[in-house]
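# What the coordinates show
Letter by letter, the chains look like this.
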Amino acid sequence: MIEFKKLHKKFGKLIVLDGLDLHIAKGGIFAVLGPNGSGKTTLIKSLLGMVIPNKGDIFFNGKSVLKKWDYRNDLNYLPQIANFPPNLTVIELINMVKNLRPKKANEKELIELFGLQGFLQKKLGTLSGGTKQKVNLVLTFMFDSELIILDEPTTGLDPIALIHLKDLIQKEKDKGKTILITTHIMSVVDELADEIVFLLDGKIYFKGSIDALKKQTNNTNLERAIANLISKQYA
Ligand code: ADP
Ligand code: MG
């Protein structure tokens with residue numbers, strides 16, 4: 001479904017993506033892991049056209065995305081940092097986003113799921129980080145698209161909301177969707193991911209199933225398996 005080919009991205013002298021090749025198959029949950037600053041958000045933004053690569057190409061359903069926009073109708077994106085207009089109310093923002101996208105939206109179900117009914121008339125600038133993140137999730141999941149991209153969706157969520165989010169992701173997968181997710185919460189990866197990639201030094205350092213990673217590193221604990229993967233690299 002998605003193919004990154006020899007992708008290079010530099011910010012000034014900093015090389016973030018260094019000839020990265022990656023194929024993401026259709027259907028299932030695909031987790032992109034890696035330390036802070038390893039380029040996960042840059043990789044996602046390049047797929048969305050929000051970061052322009054210096055070299056290489058990206059294909060979505062067989063077509064290059066560079067300088068194109070139409071393909072974005074077929075995906076939902078949750079940004080890592082949501083900068084909402086502080087003076088709009090939650091419901092005003094939801095309605096605004098609905099008006100921008102000519103697609104059916106099921107926001108009511110999601111508002112209930114995340115317990116946002118009491119916040120709809122509140123201004124976004126007054127909300128706590130976790131509540132803002134729930135709004136961010138409603139905006140992402142309310143449309144029906146074949147690809148869902150989630151950049152650190154768990155940030156600030158309470159344990160109940162985290163369970164709702166995990167169930168939601170699983171439900172979308174069961175409908176045949178492709179979900180691309182970055183997270184530092186290993187329980188999310190362990191419970192949900194069909195495949196993981198580990199990004200390091202601008203390249204894919206590992207790609208495979210969780211079981212394959214555990215076998216390769218001889219470690220049954222995912223957190224420790226990943227630590228083991230990194231320490232071998234720098235040994
Ligand atoms: P991650 O999401 O894995 O934490 P990012 O992709 O956000 O990493 O960032 C990778 C590196 O690129 C970091 O060192 C970051 O500071 C740098 N970077 C990201 N965006 C920009 C930008 N617009 N301008 C300059 N440097 C950037
Ligand atoms: Mg990031």
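Keep in mind the model is a prediction, meaning the values are calculated, not measured.

The environment of ligand 1 is formed by Phe11, Leu14, Val16, Pro35, Asn36, Gly37, Ser38, Gly39, Lys40, Thr41 and Thr42. Within the backbone of glycine 39, an N or O atom sits 3.0 Å from an oxygen atom of ligand 1. Here an oxygen atom of ligand 1 and a side-chain polar atom of threonine 41 are 2.8 Å apart. Contact with the protein chains removes 56% of the 560 Å² of surface that ligand 1 exposes when unbound. Going through the elements one at a time, β2 (14-24) and α1 (40-48) are the ones with two or more residues in the shell around ligand 1. By residue class, the composition of the shell around ligand 1 is four nonpolar, six polar and one charged.

Turning our attention to the pairing of β2. Side-chain direction in a regular strand flips from residue to residue, so the side chains alternate between the two faces of the sheet. The pairing of strand β1 (residues 2-11) with β2 spans eight bridges and is classified as antiparallel. Paired with lysine 9 across the two strands is leucine 17, which belongs to β2. Linkage of β1 to β2, two consecutive antiparallel strands, is achieved through a turn of two residues, within which glycine 12 is found at a positive phi near 60°.

Another aspect to go through is the nonpolar core. If you look at the biggest cluster of nonpolar residues, it comprises 48 residues, and the most contacted ones within it are Val135, Phe141, Ile169, Val189 and Ile196. In terms of nonpolar packing, the next biggest core, distinct from the first, is built from 26 residues, Phe30, Phe60, Leu147 and Val197 among them.

Glancing now at the packing of aromatic side chains. Going through the model one piece at a time under the given rule, you end up with one aromatic pair. The ring of phenylalanine 143 carries the charged tip of arginine 101 above its face, separated from the ring centre by 4.9 Å.

Let us look at the packing of helix α4 (residues 129-141) against helix α5 (residues 159-174). Closest axis-to-axis distance for the α4/α5 pair is 12 Å, and the angle between their directions is 10°. Put simply, α4 runs roughly parallel to α5. Here α4 contributes Lys134, Leu137 and Phe141 to the contact with α5, which in turn contributes Ala161, Leu165, Leu168, Ile169 and Glu172. Looking at side-chain class alone, the contact of α4 with α5 contains six nonpolar, no polar and two charged residues.

Reading the values: rules and limits
Residues numbered from 1 in each chain as written. Chains lettered and ligands numbered in written order. Predicted model: local features only at pLDDT ≥ 70, side-chain atom pairs only at ≥ 80, totals over all residues. Heavy atoms only, no water. Near = heavy atom within 4 Å. Polar contact = N/O pair within 3.5 Å; in protein donor to acceptor, adjacent residues only side chain to side chain. Areas by Shrake-Rupley, 256 points an atom, 1.4 Å probe, with all protein chains shown as cover. Helix = DSSP H or I, 4+ residues; strand = E, 2+ residues; numbered from the N terminus. Nonpolar A, V, L, I, M, F, W, Y, C, P; charged D, E, K, R; others polar. Pairing = 2+ DSSP bridges. Core = buried A, V, L, I, M, F, W, Y, C linked by side-chain atoms within 4.5 Å. Buried < 20%, exposed > 50% of the residue type's maximum accessible area, 1.4 Å probe, protein only. Phe/Tyr/Trp six-rings, centres within 6.5 Å; stacked < 30°, edge-to-face > 60°. Lys NZ or Arg CZ within 6 Å of the ring centre and 35° of its normal. Axes fitted to C-alpha atoms, helices over the stretch in contact; angles between N-to-C directions. Parallel < 35°, antiparallel > 145°, perpendicular 65-115°, else oblique. Contact = heavy atoms within 4.5 Å.

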